[in-house]
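The lines below spell out each chain.
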Amino acid sequence: MGLLDHVSEMFDCSSVGSKSFKKRKQLQTVEIKVKIDCEGCERKVRRAVEGMKGVSSVEIDPKQHKLTVVGYVEPEKVVSRVIHRTGKKAELWPYVPYDVVDHPYAPGVYDRKAPAGYVRYSQDPQVSQLARASSTEVRYTTAFSDENPAGCSVM
């Protein structure tokens, strides 16, 4: 708190003896997935979010169907506002860059609808772990391995 805030609290007569501070919101970047087909949809989504209190900037990427909002806002409130004002399905951005995930082609992580270079983010340990190969798969892959001395000698 600055000096001016401190001085104004000392001489404030409205709250005698009670110090109730409002928790200040932090500056956040909220990324939302919203289907944007045309310029009209883009304009509708932009107007729905720009009117919110605390919004500093709004960026829309129609190719990735991505809305980025920077400001002193809560992510859940931004998503609910987009859904209410536009009538479109919206969710927090579920994708992470391809390089962040250990196994990007695992069954629960790979998503065909994800933008190029992204895969679905998954916190579930069962989904994110790579499934163990069955014994027949292991036999076939190790039979032709260079590290297997008893393997195939066709070469």
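Each chain carries its own residue numbering, running from 1 in the written order of its sequence. Only residues with pLDDT of at least 70 get local features here, since the model is predicted, and only at 80 or more are side-chain atom pairs given and counted; chain-wide, interface and lining totals rely on the full set of residues. Computation of side-chain values: all heavy atoms of the structure, hydrogens and water removed.

**Structural notes on the side chain of Thr86**
Step number 1: Where helices and strands are cited, they refer to DSSP runs of H or I of at least four residues and of E of at least two residues respectively, numbered from the N terminus. Looking at where Thr86 falls in the secondary structure, it is placed in helix H3 (residues 75–86).
Step number 2: Contacts described as polar in this section are N or O atom pairs within 3.5 Å, which, within protein, must combine one atom able to donate a hydrogen with one able to accept it, while residues neighboring in sequence count only if both atoms come from side chains. Of note is the side chain of Thr86, whose polar atom sits 2.4 Å from the backbone oxygen of Val82.
Step number 3: Here the side chain of Thr86 touches Lys88 through a polar contact of 3.3 Å, landing on its backbone nitrogen.
Step number 4: Throughout, a contact is declared for two residues whenever any of their heavy atoms are within 4.5 Å. Those residues in contact with Thr86, other than ones at most four positions away along the chain, are Lys44, Val45 and Ala48.

**A short note on the packing of helix H2 (residues 39–50) against H3**
Step number 1: Two elements in contact, H2 and H3, have axes separated by 9 Å at closest approach and are oriented at 130°. Our classification of the angle between H2 and H3 gives oblique. Here H2 and H3 pass one another in a crossing that is right-handed. Contacts between H2 and H3 involve Lys44, Val45, Ala48 and Val49 from the former and Arg81, Val82, Arg85 and Thr86 from the latter.
Step number 2: Charged means Asp, Glu, Lys or Arg here, nonpolar means Ala, Val, Leu, Ile, Met, Phe, Trp, Tyr, Cys or Pro, and polar covers whatever is left, Gly included. Class assignment of the residues belonging to the contact of H2 with H3 gives a composition of 4 nonpolar, 1 polar and 3 charged. Think of each axis as a best-fit line through the C-alpha atoms, taken over the contacting stretch in the case of a helix, with angles from 0 to 180 degrees between the N-to-C directions. For this classification, under 35 degrees means roughly parallel, over 145 means roughly antiparallel, 65 to 115 means roughly perpendicular, and everything else is oblique. Rotating anticlockwise by less than a right angle from the far helix to the near helix defines a left-handed crossing, while the corresponding clockwise rotation defines a right-handed one.

**Thoughts on the confidence of the model for the chain**
Step number 1: Mean pLDDT over the chain works out to 76, with 62% of the residues at or above the 70 mark.
Step number 2: For the chain, the element scoring lowest by mean pLDDT is helix H4 (residues 125–128), at 45; strand E2 (residues 55–61) scores highest, at 94.
Step number 3: Values of pLDDT, which run from 0 to 100, indicate the predictor's confidence residue by residue. Confidence drops under pLDDT 50 across residues 125–133; counting only partners more than four residues distant or on other chains, this segment forms 10 contacts.

**A closer look at unusual backbone geometry**
Step number 1: Here His65, not a glycine, exhibits a phi torsion of approximately 55°, which is positive.
Step number 2: Along the chain, His65 turns up in the loop between E2 and strand E3 (66–71).
Step number 3: Only protein chains enter the accessibility calculation, which uses a 1.4 Å probe; a residue whose area is less than 20% of its type maximum is buried, one above 50% is exposed, and one in between is partly exposed. Owing to a relative accessible area of 25%, His65 belongs among the partly exposed residues under this scheme.

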